[in-house]
Amino acid sequence: MKKRLLILPLLGLLLTSCDFFTPKTPDGQGEKDDEGGDDTPDTPDTPDTPDIPDTPDTPDTPETPEEGKFKGYAPEGYSLTWEDEFEGDKLDSRYWEHQVGDGSDYGIYRYGNNEEQYYKAENTKVKDGKLTITAKKELTHTERYDFQYTSSRLRTKGKVFTTFGYIEARIKLPAGTGMWPAFWMLPEGSYKDKGWPVSGEIDIMEAKGRELGKYGATTHSANSADRDAYHNKDYVFSAEEGDITNFHCYAVERLERSFVFSVDGKPFFTVSNTVYQNGNTLYSSDSPSAPFNQDFHILLNLAVGGNYDGNRKPDDSFVSADMVVDYVRIFEKN
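Bear in mind the structure is a predicted one, so any value in this text is a computation, not a measurement. (Residues numbered from 1 in each chain as written. Predicted model: local features only at pLDDT ≥ 70, side-chain atom pairs only at ≥ 80, totals over all residues. Heavy atoms only, no water.)

### Points about unusual backbone geometry
With an omega of 5°, the peptide bond running from Trp 196 to Pro 197 counts as cis. Here Pro 197 is to be found in the loop between β10 (179–187) and β11 (201–206). A positive phi angle, near 55°, is found at Asn 114, a position not held by glycine. With respect to the element layout, Asn 114 can be found in the loop between β2 (97–98) and β3 (117–119). (Helix = DSSP H or I, 4+ residues; strand = E, 2+ residues; numbered from the N terminus.)

### As for the packing of aromatic side chains
The final tally for this structure, using the stated rule, is 22 aromatic pairs. Between Tyr 78 and Tyr 166, the ring centres sit 6.4 Å apart and the planes meet at 55°, which makes this aromatic pair tilted. One end of the pair, Tyr 78, is in strand β1 (residues 78–84); the other, Tyr 166, is in strand β9 (residues 165–172), with 88 residues separating them in the sequence. Each member of the pair, Tyr 78 as well as Tyr 166, carries the same accessibility label: buried. Ring centres of Tyr 145 and Phe 147 lie 4.9 Å apart, and the angle between their planes is 70°; on these two criteria the pair is classed as edge-to-face. Overall, Tyr 145 belongs to the partly exposed group, its relative accessible area being 23%. Ring pairing ties together the aromatic residues Tyr 215, Tyr 235, Phe 237, Tyr 250, Phe 259, Phe 261, Phe 268, Phe 269, Phe 292 and Phe 296, which thus form one cluster. (Phe/Tyr/Trp six-rings, centres within 6.5 Å; stacked < 30°, edge-to-face > 60°. Buried < 20%, exposed > 50% of the residue type's maximum accessible area, 1.4 Å probe, protein only.)

### Some words on empty space enclosed by the protein
According to the stated counting rule, one finds two cavities of 30 Å³ or more in the structure shown. Empty space within the second largest cavity amounts to approximately 40 Å³. What lines the second largest cavity is Gly 178, Met 179, Trp 180, Lys 208, Gly 305, Tyr 308, Asp 309 and Arg 312. Partitioned by chemical class, the residues of the lining of the second largest cavity number three nonpolar, two polar and three charged. (1 Å grid on protein atoms, 1.4 Å probe; cavity = no way out; pocket = protein on both sides within 12 Å on 5 of 7 lines; lining within 4 Å. Points joined across faces, edges and corners; volume = space filled by probe spheres on them. Nonpolar A, V, L, I, M, F, W, Y, C, P; charged D, E, K, R; others polar.)

### Focus: the side chain of Arg 155
Examined against the element boundaries, Arg 155 turns out to sit in strand β7 (residues 153–155). Taking the relative accessible area as the measure of exposure, Arg 155 reaches 15% and is therefore buried. A polar atom in the side chain of Arg 155 sits 2.5 Å from the side chain of Glu 97. (Polar contact = N/O pair within 3.5 Å; in protein donor to acceptor, adjacent residues only side chain to side chain.)

### Some points on the confidence of the model for the protein
Averaged over every residue, the pLDDT of the protein is 82; the share at 70 or more is 75%. Note that residues 1–44 has pLDDT below 50 and, in this model, 18 contacts with residues that lie over four places away or in other chains. In the predicted structure, residues 49–66 sits below a pLDDT of 50 and forms 11 contacts with residues beyond four places in sequence or in another chain. (pLDDT = per-residue confidence, 0-100. Contact = heavy atoms within 4.5 Å.)

### A word on the pattern of salt bridges
For the structure on display, the rule yields 15 salt bridges. Between Glu 85 and Arg 329 there is a salt bridge, and its shortest N-O distance comes to 2.8 Å. Residue Glu 85 is found in the loop between β1 and β2, and its partner Arg 329 is found in strand β20 (residues 320–333); the two are separated by 244 residues along the sequence. Across the pair Asp 309 and Arg 312 runs a salt bridge, and its minimum N-O distance is 3.2 Å. By relative accessible area, Arg 312 is classed as partly exposed at 36%. Each of Arg 210, Glu 211, Lys 214, Asp 234, Asp 309 and Arg 312 takes part in one network of salt bridges that share partners. (Salt bridge = Lys/Arg side-chain N within 4 Å of Asp/Glu carboxyl O.)

### Re a nonpolar patch on the surface
A grouping of Val 100, Tyr 106 and Ile 108 is seen on the molecular surface, where their side chains present a nonpolar patch of about 210 Å² in accessible area. Here Val 100 shows up in the loop between β2 and β3. (Patch = residues over 30% accessible without salt bridge, like charges linked within 9 Å, V, L, I, M, F, W, Y side chains within 5 Å. Areas by Shrake-Rupley, 256 points an atom, 1.4 Å probe, with all protein chains shown as cover.)

### Notes on the environment of Phe 247
Turning to its location among the elements, Phe 247 is positioned in the loop between β13 (229–236) and β14 (248–254). Here Phe 247 falls in the partly exposed class, since its relative accessible area comes to 24%. Once the C-alpha coordinates of Phe 247 and Val 325 are considered, the two residues, 78 residues apart in sequence, prove to be 8.6 Å apart. Look past the residues within four positions of Phe 247 in its chain and what remains in contact with it is Lys 130, Arg 170, Ile 171, Lys 172, Val 324 and Asp 326.

### A word on the environment of Thr 156
Along the chain, the position of Thr 156 falls in the loop between β7 and β8 (161–162). Other than its neighbours up to four places away in sequence, Thr 156 contacts Tyr 95, Trp 96, His 297 and Ile 298. A polar contact of 3.0 Å, which involves the side chain of Thr 156, links it to the backbone nitrogen of Ile 298.

### A few points about the pairing of strand β12 (residues 214–221)
Every regular strand shows the same layout, with side chains that alternate between the two sheet faces. Taking burial as the measure, the eight residues of β12 include seven buried ones, the bulk of the element. Bridge count between β11 and β12: four bridges; the pairing is antiparallel. Pairing of Glu 206 across the sheet is with Gly 216, part of β12. Inspection of the sheet shows β12 paired to β13 by eight bridges, in the antiparallel sense. Paired with Gly 216 across the two strands is Asp 234, which belongs to β13. (Pairing = 2+ DSSP bridges.)

Right, here's the structure in full:
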């Protein structure tokens, strides 16, 4: 540093005493030729090339905020109270836990749906701001059954939950027979000390990998365990919207007296909280929003086979398939 400080003043004296700099243009700005120091004057009949302005950045699309995150479609009057953008390189254990195995540890063998997968934590990956759940053709032998496939199932039980609010996730779903991806909610507790379906279930999104053009939304409840009083409706995508293999925002707005299901900000299915119907039988709850007047947590999973699509299994050529989640968010009213 001392040597540089001694030399620089000397250079300054030399430079000011000789014609080193290029001449000033009429507007007072200096210029150099391509070689960076030649004194050759400009050709008279060649005008100065004006500076080319920097190419402006491509503006964000309307749904993308300045910080680069997808805005989503939360209704007016709501504020974000929780989100997971899946930053970093591993699942955030403050929010999520893996449910592993065949369901026996949770008292629901094969998860109550004759599912064909064995759930493993290793089938979950977090990278580049995305959560990926992968279903694989992989044998797992147990005493009761030989599972031909593995996948992952995550939940926020005991960690993240809400009663009323707007819950949304941006997800890209897999194609293929036997694929059963789901984004849904179950209660933190048990309504009237009874299990499913009396305590309720909210299926924000579930899809069949062989039917790319639609997905379903459903609520489950009942007054007795041998009845499943449910409402459900499919959303059919237009050609312009793409299909389930494109990213879409799946959401439900949980109000005190109803649910409003939507996709990409388009409501398509409203269900009353107060009365549920199964066939010709009506079941009335004991309060305006029971059993949904309690906290529910979030689940994400990719099942294989099972009752939802008639117990269809993947084709023999199946190797793997991915369910990719961009984010999960909860909003509550201001």
